[in-house]
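Fold and contact review
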Amino acid sequence: MANGKQVASGGEIGAWDMVLYRVSKWLRSPTPYMMFVGFALFFGAWFLLSEVFKVWRFASLPGPREVLIEWFNPDPVYGLSLYSPDYYVHVWSSLRRVLYAFVISTCLGVPFGLFLGWSKNFREFTFPVFETLRPIPVLAWVPLAIVMFRADETPVIFLTTLASFYATALNTMLGVQSIDESYPRAAACLGASKWQIFRHIVIPGALPFIFTGLQISVGVAWFSLVAAEMVSGEYGLGYVINTSYVNVQYPVILIGMISVGIVGYASSALVRLAGDYMMQWRVRELALGGGR
Amino acid sequence: MSATIASAAQPRPRPRQSIFRNHIVRAVISIATFIVLWEVGSRLKLPWVGDVPPPTVVLKALVPLLTDQGYWYSWYQSSRRVFTGFLAAMLIGIPFGLAMATSRIFRDITFPVFEILRPIPPLAWVPAAIIFWPTQELSIGFVIFLGAIFTIMLNVIGGARSIDLRFFQAARSMGSSNWDIFRRIVLPGVLPSIIVGCEVGIGITWNVVVAAEMISGGGGAIQSSAGGGLGFFIWSSYIGGSYPLIVVGMISIGIAGYISSSIIRRLGLLVTPWVRVR
Amino acid sequence: MNAPAATGAAAPEQHATKGAIRIQNVDKVYYAREGRVQAVSDCSLDIRAGEICMIVGPSGCGKTTLLNAIAGFHDITGGAIYLDGQMLCGPDKPKAEPGPDRVVVFQNGALFPWKTNLENVAFGPVVQGRMTKKEAAEKARGMMADAGLVGVEHNYPGEVSSGMRRRVEIVRALMNDPKVLLLDEPFGALDSLTKSVMHEALLEIYYRNKVTIFFITHDLEEAIFLGHRVAIMTTRPCKPKKILDVDIPHPRKYNVLTSPRFRSLMEETVSAVHEEAVKAFEAGEKEM
């Protein structure tokens, strides 16, 4: 009878070896060099158009050199650089809000989405209201949120949470619905009760979609947060971008934009890594060229 | 204990279902409940809900608007912005995305830049856009364009990647040229993903339009009052203290957004009749 | 040699060992997009305790519907099904309860991808509260070893070959001491080389645990090789057309395939099967 050693079991190929292998393969392909070309073209064009040749409207735009100098300036002209503490106050302000919103929306959205997918009764009674409210763009809630929540922080966090909640709940529901019906059936055969099926089948089965939803939710959170901060905030990167325009501190606009981009990307990547960690089985399956 | 033997095969009649099991009835009940709770909560001045005008007041505020030309003009302005910005995003995003999907070199050059620009929320671009573009409309248009294009491009790339390899192999074995393959395999194969990307993109677009219009009316980057549109309508209702109109505006945008998503979905089904609805 | 399908109350009940199934005048009607579909019509079949009963028929004829009814995944619209004299489903109770006395092994495999092989196999007893995790793991390891699955306990199903996955799934089912094992074309997706190995593996497992096996397949050779009896079903609506008694003695080895008795059994039945296959083809049956 055939034995089970044909595929490397658990610990034989370490994660670190895989990483090294992939990196070396990447370095040997044209990809990283093309990437360099791309960046060079982009930044080069920006630089030439705005600082050197000052073509048309590009003249009023701060160029990459200006922005970088200011950003790394120990004594920034406009008061905001990697060396100024105010910068980190603003970054943390935005980050904190996204964190609150993300945690709240996940704690509310995932269970809500799980029930939406799992129980037909629950779905038919709740989904219509959800779907009716969803087309209203989150940012259209801004004035109402200010009216409802008077305080400074709450409207911003409410808006961000709302946007994330939609994404999380929807994707979670789709995740539950995507589970092949053989799995709950098999579990029922094996004697599992409804709650055991929920715990052992539905939740792990929906996890891939849940994490996709969470990544989208982080992106959407940043999107809404920046908008909300621009309209109604104090502190925060959106606020920075807005006021530096008003105060004609143009390089700071760019600094703000870049910072948002970096922090936004990092938070998305963190969620993705968390997902990979929690779904080891999927990572391994995909690495071996897909399961069934 | 043996159960009694069943009679000869006769299909059992389907039991009459309670009306409360019908999903349309349930939908109506749930929305009605929501409206009732809103009305009651608002009238009772419950926290948070109490500050929101109740649905009856909102309805009363809506009625005179239906004949107000300015209101419908706002609809037109917002829709125009959404439409033009979205169209521009599609006209550039789809070819760009296809190029990225088909040419390895092109993708290697452009994708990293694409990926570092993508995390920057579209609205963060507003001040930069105003500095750069000569008119306000163009600035708003640019931001809308950015909002939609990333989603569309991502979906195009994803869609192209997911086309089954065997279609290409089959076409090649039947002697297709590269252009034929592109036209008859890649384009139709990508279409469903493009449609999905558009549905998502239009939601983002409405968000951006509303925000841009509010910013143009409210404090901040754009100060002129030439903005207009439903977002501006909401904002000025807020500033002017007519709270019921805020809700009217929100509902209006919701309806407008829903209509545009439906249009895209309908067009999508027309263009891809082979896609089976789940 | 044909044995007539048992019908009506006249036949004596089989109490003895566990796992006798009586399918009695079962109907299944469902409503699909095309309208009303009669999947099963007046189907009666007696499956003896401890036997391997093979169900052969063209794709889409309703065999899976029958299996699903026994397993309790959907209801029946007429007739009744009994297990060891107890009614599973019938006129007052259209849908049976799924349970560990009738475990299913699914066509496309239903090992939980997010649990390791060992966790999968130990799932049943743990979840029913009959054993602690440790005890279940012990027993699972033992049963897996018996089935030749050593060294893959801590792998995920996605990491092992499909043949191995099928064996794990069968062991997972057997961990629960079921009365009946319901197999829905379990080896359909395997290549014929792996299939032949799996057949012998299944028989080995069967000789060790005498469960009743209800095995759906469209492979006549597989059916005659494995089964005590082979029920050839008509195309939709499903009904036994011919029941074959395979009188080749157990235990069987693969060389049985070339024996004259095997070949003559094939001869007897291949035309019946082919007739139904042609009918199904002409009716444009799609895999349900």
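Predicted model only: the values in this text are computed from it and were never measured. (Residues numbered from 1 in each chain as written. Chains lettered and ligands numbered in written order. Predicted model: local features only at pLDDT ≥ 70, side-chain atom pairs only at ≥ 80, totals over all residues.)

This part is about the nonpolar core. A general tendency of soluble globular proteins is for nonpolar side chains to be buried together. The biggest cluster of nonpolar side chains holds 223 residues, and the ones touching the most others in it are Trp-141 of chain A, Val-143 of chain B together with Ile-81 and Phe-214 of chain C. Among the elements that line this core, the one with the most residues is helix H9 (residues 194-232) of chain A, at 20 residues. Setting aside its immediate chain neighbours within four residues, Phe-214 of chain C contacts Ile-21, Ile-47, Cys-53, Ile-55, Leu-67, Ile-70, Val-180, Leu-182 and Leu-183 of chain C. (Core = buried A, V, L, I, M, F, W, Y, C linked by C-beta atoms within 7 Å. Buried ≥ 20, exposed ≤ 12 C-beta atoms within 10 Å, placed from the backbone. Helix = DSSP H or I, 4+ residues; strand = E, 2+ residues; numbered from the N terminus. Contact = placed C-beta atoms within 7 Å.)

We now examine the domain arrangement of chain A. Split into domains, chain A comes out as domain 1 (16-61) and domain 2 (85-287). A separation of 31 Å is found between the C-alpha centroids of domain 1 of chain A and domain 2 of chain A. (Domains from an automatic or database assignment.)

Now for the packing of helix H10 (residues 237-246) of chain A against helix H11 (residues 250-278) of chain A. Describing two packed helices takes the angle between their axes plus the distance from one axis to the other. Residues and elements named next belong to chain A. As a packed pair, H10 and H11 sit with axes 8 Å apart at the nearest point and diverge in direction by 165°. Looking at the two axes, H10 sits roughly antiparallel to H11. As H10 runs across H11, the sense of the crossing is left-handed. Contacts between H10 and H11 involve Leu-237, Val-240, Ile-241, Ser-244 and Tyr-245 from the former and Val-252, Ile-253, Gly-256, Met-257, Ser-259 and Val-260 from the latter. (Axes fitted to C-alpha atoms, helices over the stretch in contact; angles between N-to-C directions. Parallel < 35°, antiparallel > 145°, perpendicular 65-115°, else oblique. Left-handed = near helix turned anticlockwise from the far one by under 90°.)

Here the focus is the interface of chain A and chain B. Contacts between the two partners involve 48 residues from chain A and, on the opposite side, 49 residues from chain B. Mapped by element, the contributors of at least two residues to the side of chain A that touches chain B are helix H2 (31-52), helix H5 (120-133), helix H6 (142-149), H9, H10 and H11 of chain A. Per element, the largest residue contribution to the side of chain A that touches chain B is eight residues, and it comes from H11 of chain A.

Time to look at the environment of Val-208 of chain B. All names here are of chain B. Counting through the fold element by element, Val-208 comes out in helix H8 (residues 178-217). For Val-208 and Phe-111, which are 97 residues apart along the polypeptide, the C-alpha to C-alpha distance reads 24 Å. With residues up to four places along the chain from it excluded, the contact list for Val-208 reads Pro-122, Leu-123, Val-143, Ile-144 and Gly-147.

Our focus in this paragraph is the sheet that holds strand E10 (residues 240-245) of chain C. Backbone hydrogen bonds are what pair the strands of a sheet, in a parallel or an antiparallel way. Residues and elements named next belong to chain C. Judged by pairing direction, the sheet is mixed, and its six strands sit side by side in the order E6-E7-E8-E3-E9-E10 without closing on themselves. Looking along the sheet, the strands with just one partner apiece sit at the ends: strand E6 (102-105) and E10. Across the sheet, the axes of successive neighbouring strands diverge by a mean angle of 20°, strand direction being ignored. Across five bridges, the pairing between strand E7 (residues 180-184) and strand E8 (residues 212-217) is parallel. Note that in E8 the partner of Asp-184 across the bridge is Ile-216. (Pairing = 2+ DSSP bridges.)

We now examine the sheet that holds strand E5 (residues 86-89) of chain C. Residues and elements named next belong to chain C. Strand order across the open sheet formed by four strands is E2-E1-E4-E5, with antiparallel pairing between neighbours. Of all strands in the sheet, those bounded by a partner on one side alone are strand E2 (35-47) and E5. The mean inter-strand angle of the sheet, taken between neighbouring strand axes irrespective of direction, is 35°. With five bridges joining them, strand E1 (residues 21-32) and strand E4 (residues 78-83) adopt antiparallel strand pairing.

Residues and elements named next belong to chain A. Looking at chain A as a whole, the pLDDT averages 84, with 92% of positions reaching at least 70. Across chain A, the secondary-structure element scoring lowest on mean pLDDT is helix H12 (residues 280-287), at 72, and the one scoring highest is helix H8 (residues 182-189), at 93. Low confidence marks residues 1-8, where pLDDT is under 50. Its contacts with residues over four positions away, or in another chain, come to 17 contacts. (pLDDT = per-residue confidence, 0-100.)

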